[in-house]
Amino acid sequence: MDRVITDGGTHAAEAGVTTGVLARRLGVSPTTIRSWDRRYGLGPAHREGGRHRRWRAADIAVLEEMCRLTATGVPPAEAARAAMAPTRPGTPTAPGAGDPAAAPPPTPAYPPDTVPAPHGRVVGSGLPLGDVRHEARGLARASVRLDSAAVQDLLNSFVREHGVLAAWEDVMMPTLHAVGRKWQSSGDRYVEVEHLLSWHVSTALRSAPLLRPCPVPPPETAPVLLACLPDEQHTLPLEALDAALRERGAATRMLGGAVPAEALTAAVRRSGPSAVVLWSQTRSTASVPLARELGRTQWGVQGARHGPAVLVAGPGWGRRGLPGLLRPHGLGDALAMLSGAGTTAPPARRPEETG
C-alpha cells in the first residue's frame, strides 16, 4: 500500500492508488475509468486537491465488481447501479444507485461498446460486435481486459448451459471475428487479445466432454477423422466440430494443424473413418487433389471395401461446390452432413484386420 510522506515523517495510512495504476490492475483504460466516474458516479471517495483521483480499497472493490458484472454481459449502467449497492461507507450515493424508482434520466444513447470523449466526440472502447448475445459482449469486455479467469469462466458456463453449437455460433465466433476486425483496423493492436481469447476458446472446446455429459460411442464405432491440410495452422473450427460431434456421441480422431499428406493417407488407412473433414483457411493451403485422393483411399476385404466421405471445410476451398466432395458451410451444416457418421460401424472389418 502506498505511504504518505509528510514533514512530520511517514504515516502508515492508506493513500490509495492513481487512476493509471488502477487501470493496469483492472485491465481497462484510464479513459474508461474516468467515463465510469463521469457517467455513473463510480469515482473515488477522496480526491487530492479536490481533483486528482486516489483510489482506496473500497473504491477499488466497487470497480472490480463493475468489471465482473460487465464481463457477464450486464449493461454498464445496470452494472454500475449494482456495484454501488450497498454504497461504500462515506461515499456520496450515485444518482439512483440501488433504487430503480429513483433512477436518473437515461444517459445519451451511444453506440454499443463506446464511451463519450471530451467535447462530445464518441470513441471506441471495445470490439465491433454488432447485434450479439449479451454473453458475447461480456466475453469481449473480459478479453480486452486480458482477464483470463473471467474469459474461461464465461466460456465454460455457456458451453455447460447451452452446448457446443450455440457456444461456437453465438458467443465464440462473433467475439473472435470482432477481435480480428479490431486487429486489422488498429495497426496490429489487440494481437494479445486475440491470442488470449483463442487459447481459452480452445480450452473450453477441449473441455466440453467434462462440462456436459456426452454419450460414449460403442467400441466398434467408425470414427470421423479431422485434420488441417499441410501448412494450415488454424485449428479452432475443427476443434469446435470435434467437440460438437463428441457431444452427440460420435467417435472422432483429431489430428490438429498442418498434417503432412503422407500422414493423412496413413491415418485414413489405419483408422478406417466413416468421414474425413479437411480444414483450409486460405486458398494457398487447399488441395483438391489431396482431398480426392483421400476419398479414393479404401480398406476392407476384397469385394467389400470401403472409403470415407470427404468434407472440405473452411474459406480456403472457395464458395463453389467440388464434385465428389462435400462442402459444409458452418458448424451446423457440417453436423447435419455427418449425422450418423461416426456413430455406427461399417459392415466391413476394420482396416487392421485386413493385413
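These numbers come from a predicted model, not from an experiment.

A. Examining the overall build of the protein more closely. Broken down by element type, the protein carries 13 helices and 10 strands. A total of 355 residues make up the protein; the buried ones form 45% of that total. Pairs at least 24 residues apart make up 66% of the contacts formed inside the protein by residues separated by at least 6 positions. On the protein, roughly 18100 Å² of surface is accessible, and the fraction owed to carbon and sulfur atoms is 54%.

B. Seen up close, the pairing of strand β9 (residues 275-279). Of all five residues that make up β9, five are buried, and the element is covered over most of its length. What you see with β9 is no split at all: Ala275, Val277 and Trp279 on one side and Val276 and Leu278 on the other are buried throughout. Across five bridges, strand β7 (residues 224-228) lies against β9 in parallel orientation. Within the sheet, the bridge partner assigned to alanine 227 lies in β9 and is leucine 278.

C. Examining the sheet that holds β9 more closely. Judged by pairing direction, the sheet is parallel, and its four strands sit side by side in the order β8-β7-β9-β10 without closing on themselves. For this open sheet the edge positions go to β8 (252-256) and β10 (309-313), each flanked by a neighbour on one side alone. The mean inter-strand angle of the sheet, taken between neighbouring strand axes irrespective of direction, is 15°. Across four bridges, the pairing between β7 and β8 is parallel. Directly across from valine 224, in β8, lies its bridge partner threonine 252.

D. Representation of the nonpolar core in the model. Counting 49 residues, the largest nonpolar core has Trp168, Met172, Val201, Leu205, Leu241, Val277 and Leu338 as its most contacted members. Leucine 205 has contacts with Val164, Trp168, Met172, Leu236, Glu239, Ala240 and Ala243, leaving out every residue within four places of it along the chain. Counting 20 residues, the second largest nonpolar core, distinct from the first, contains Leu22, Leu26, Trp55 and Ala79.

E. Region of interest: the environment of alanine 58. Turning to its location among the elements, alanine 58 is positioned in helix α3 (residues 57-71). Of the residues examined, alanine 58 reaches a relative accessible area of 40% and is grouped as partly exposed. Along the chain, alanine 58 and alanine 45 lie 13 residues apart, while their C-alpha atoms are 8.5 Å from each other.

F. Representation of helix α8 (residues 191-206) within the structure. Along its 16 residues, α8 runs 23 Å from first to last C-alpha, staying within 8% of the 22 Å computed at 1.5 Å per residue. Considered for burial, the residues of α8 that qualify are Val193, Leu196, Leu197, His200, Val201, Ser202, Ala204 and Leu205.

G. The arrangement of the side chain of glutamate 135 in detail. Checked against the element boundaries, glutamate 135 lands in helix α5 (residues 134-144). Assessed through its relative accessible area of 17%, glutamate 135 is described here as buried. Residues contacting glutamate 135, with those up to four places away along its chain left out, are Phe158 and Val171.

H. Up close: the packing of helix α11 (residues 261-271) against helix α12 (residues 288-296). Contact pair α11 / α12: the axes reach a minimum separation of 10 Å and the direction vectors enclose 20°. Relative to α12, the element α11 is oriented roughly parallel. Seen from above, α11 lies across α12 with right-handed handedness. Two secondary-structure elements touch here, α11 through Ala261, Leu264, Thr265 and Val268 and α12 through Leu290, Glu293 and Leu294. Its residues placed into classes, the contact of α11 with α12 shows five nonpolar, one polar and one charged.

I. Structural view of helix α4 (residues 76-83). Every buried residue of α4 is listed here: Ala79, Ala80 and Ala83. For α4, the buried positions fall inside an angular range of 100° around the axis, keeping them on one side. Next to the buried residues of α4 lie α2 (30-40) and α3.

J. Region of interest: the packing of helix α1 (residues 19-26) against α2. Packing of α1 against α2 brings their axes to within 8 Å, and their N-to-C directions diverge by 105°. For the element pair α1 / α2, the angle class is roughly perpendicular. On α2, the residues that touch Thr19, Gly20, Leu22, Ala23 and Leu26 of α1 are Pro30, Ile33 and Arg34. Looking at the contact of α1 with α2 residue by residue, the class counts come to five nonpolar, two polar and one charged.

Definitions and limits used
Residues numbered from 1 in each chain as written. Predicted model: local features only at pLDDT ≥ 70, side-chain atom pairs only at ≥ 80, totals over all residues. Heavy atoms only, no water. Helix = DSSP H or I, 4+ residues; strand = E, 2+ residues; numbered from the N terminus. Buried < 20%, exposed > 50% of the residue type's maximum accessible area, 1.4 Å probe, protein only. Contact = heavy atoms within 4.5 Å. Areas by Shrake-Rupley, 256 points an atom, 1.4 Å probe, with all protein chains shown as cover. Pairing = 2+ DSSP bridges. Axes fitted to C-alpha atoms, helices over the stretch in contact; angles between N-to-C directions. Core = buried A, V, L, I, M, F, W, Y, C linked by side-chain atoms within 4.5 Å. Expected span 1.5 Å × (residues − 1). Parallel < 35°, antiparallel > 145°, perpendicular 65-115°, else oblique. Left-handed = near helix turned anticlockwise from the far one by under 90°. Nonpolar A, V, L, I, M, F, W, Y, C, P; charged D, E, K, R; others polar. Arc of directions from axis to C-beta.

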